[in-house]
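Chain residues, written in single-letter form:
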Amino acid sequence: MPQLNFTKEGSGPTIVLAHALGCDLGVWDEVTQQLKKGFTVLRYDHRAHGKSGPGAGRVTIEELADEAAELIRSETSGEVHFVGLSMGGMVAQQIAVRHPEIINSIVVANSSSRYDETSRGMWRSRIETALNLGMGAIADSVMPRWFTRSWRDNPAHNARMAQLRTTVEAMNPKSYAAFCEAISGIDFFATNPLVGCPTLVIAGTQDEVAPIEMSRAICNAISGAELATISAAHLSAVEQPEEFAGLVAGFISRI
């Protein structure tokens, strides 16, 4: 398995943070500042992202869940609360089923459990863009969808957006395409009903990448899952970090 880059901060019960496609653990900077006041926060880079090793060319969400589980077993003791954003939320859905003994709860934010043919066509287009035009073109495509216009137009967020864009552009196009292929094929229809831990599903009310209907489908498939919304687009943890961290901390305090 690839060597995963990670950081660990704070003290208390452990929360593991898994980032979105094309990002790295830095996407959690503001959320970590909030959560580390009461928790140990372990955040990491998926393979082929950030400073983690590249791994094999082909990838599946199930493999990402297994790699995260290996990291958790090596760096923590006991059960953890696993929080995933977008692709990280897909990993959360799988790690809860594949490694239930180490998972106390999961939070699935701005994510999906399945894509229809139209959506899979979008992912195929994304693959072609990455391979033919490069990651700069991918950044041009995804950045406007990650955040609401009002957030993007605020000069106070210019540096943060530039940082995230740099992270996207640094990713290997072939690796990005492999992840797009893995994401496009997910279908957790059979496995989500097997999730036995407390689950919070977070949806962005202005998220065009993972509309709230996708979050409702996840919530309906997992017994007892709670649904919460944030007034944000796709990267809700960046756009509304204090609210995001509050939802996570409040959820954990109730279980």
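Because the structure is a prediction, the values reported are computed rather than measured.

(A) Region of interest: the environment of G22. Residue position: G22 is located in the loop between β2 (14-18) and α1 (29-35). With 176 residues separating them along the chain, G22 and P198 place their C-alpha atoms 28 Å apart. The contact partners of G22, leaving out residues within four places of it in the chain, are H49, W146, T167, V168, M171 and Y176.

(B) Geometry of the state of the cysteines. Scanning the model with the defined rule gives zero disulfides in all. In this structure C23 is not part of a disulfide, and its nearest cysteine sulfur, from C180, lies 12 Å away. For C23, a relative accessible area of 2% gives the class buried.

(C) Expanded view of the side chain of S52. Tracing the backbone through its elements, the reader meets S52 in the loop between β3 (40-44) and α2 (61-75). A polar side-chain atom of S52 sits 2.8 Å from the main-chain amide nitrogen of N5. Not counting the four nearest positions on each side in its chain, S52 is found in contact with Q3, L4, N5, D45, H46 and R47.

(D) Quick look at helix α5 (residues 135-146). When the terminal C-alpha atoms of α5 are compared, their 16 Å separation across 12 residues agrees well with the 16 Å that a helix rising 1.5 Å per residue should span. Considered for burial, the residues of α5 that qualify are M135, I138, A139, V142, M143 and W146. One side of α5 holds all its buried residues, which, seen down the axis, span an arc of 120°. Buried residues along α5 sit against α4 (117-133), α6 (149-152), α7 (158-170), α8 (173-184) and α10 (236-239).

Cut-offs applied
- Residues numbered from 1 in each chain as written.
- Predicted model: local features only at pLDDT ≥ 70, side-chain atom pairs only at ≥ 80, totals over all residues.
- Heavy atoms only, no water.
- Helix = DSSP H or I, 4+ residues; strand = E, 2+ residues; numbered from the N terminus.
- Contact = heavy atoms within 4.5 Å.
- Disulfide = S-S within 2.5 Å.
- Buried < 20%, exposed > 50% of the residue type's maximum accessible area, 1.4 Å probe, protein only.
- Polar contact = N/O pair within 3.5 Å; in protein donor to acceptor, adjacent residues only side chain to side chain.
- Expected span 1.5 Å × (residues − 1).
- Arc of directions from axis to C-beta.

Any functional reading would require information that these geometric values do not contain.
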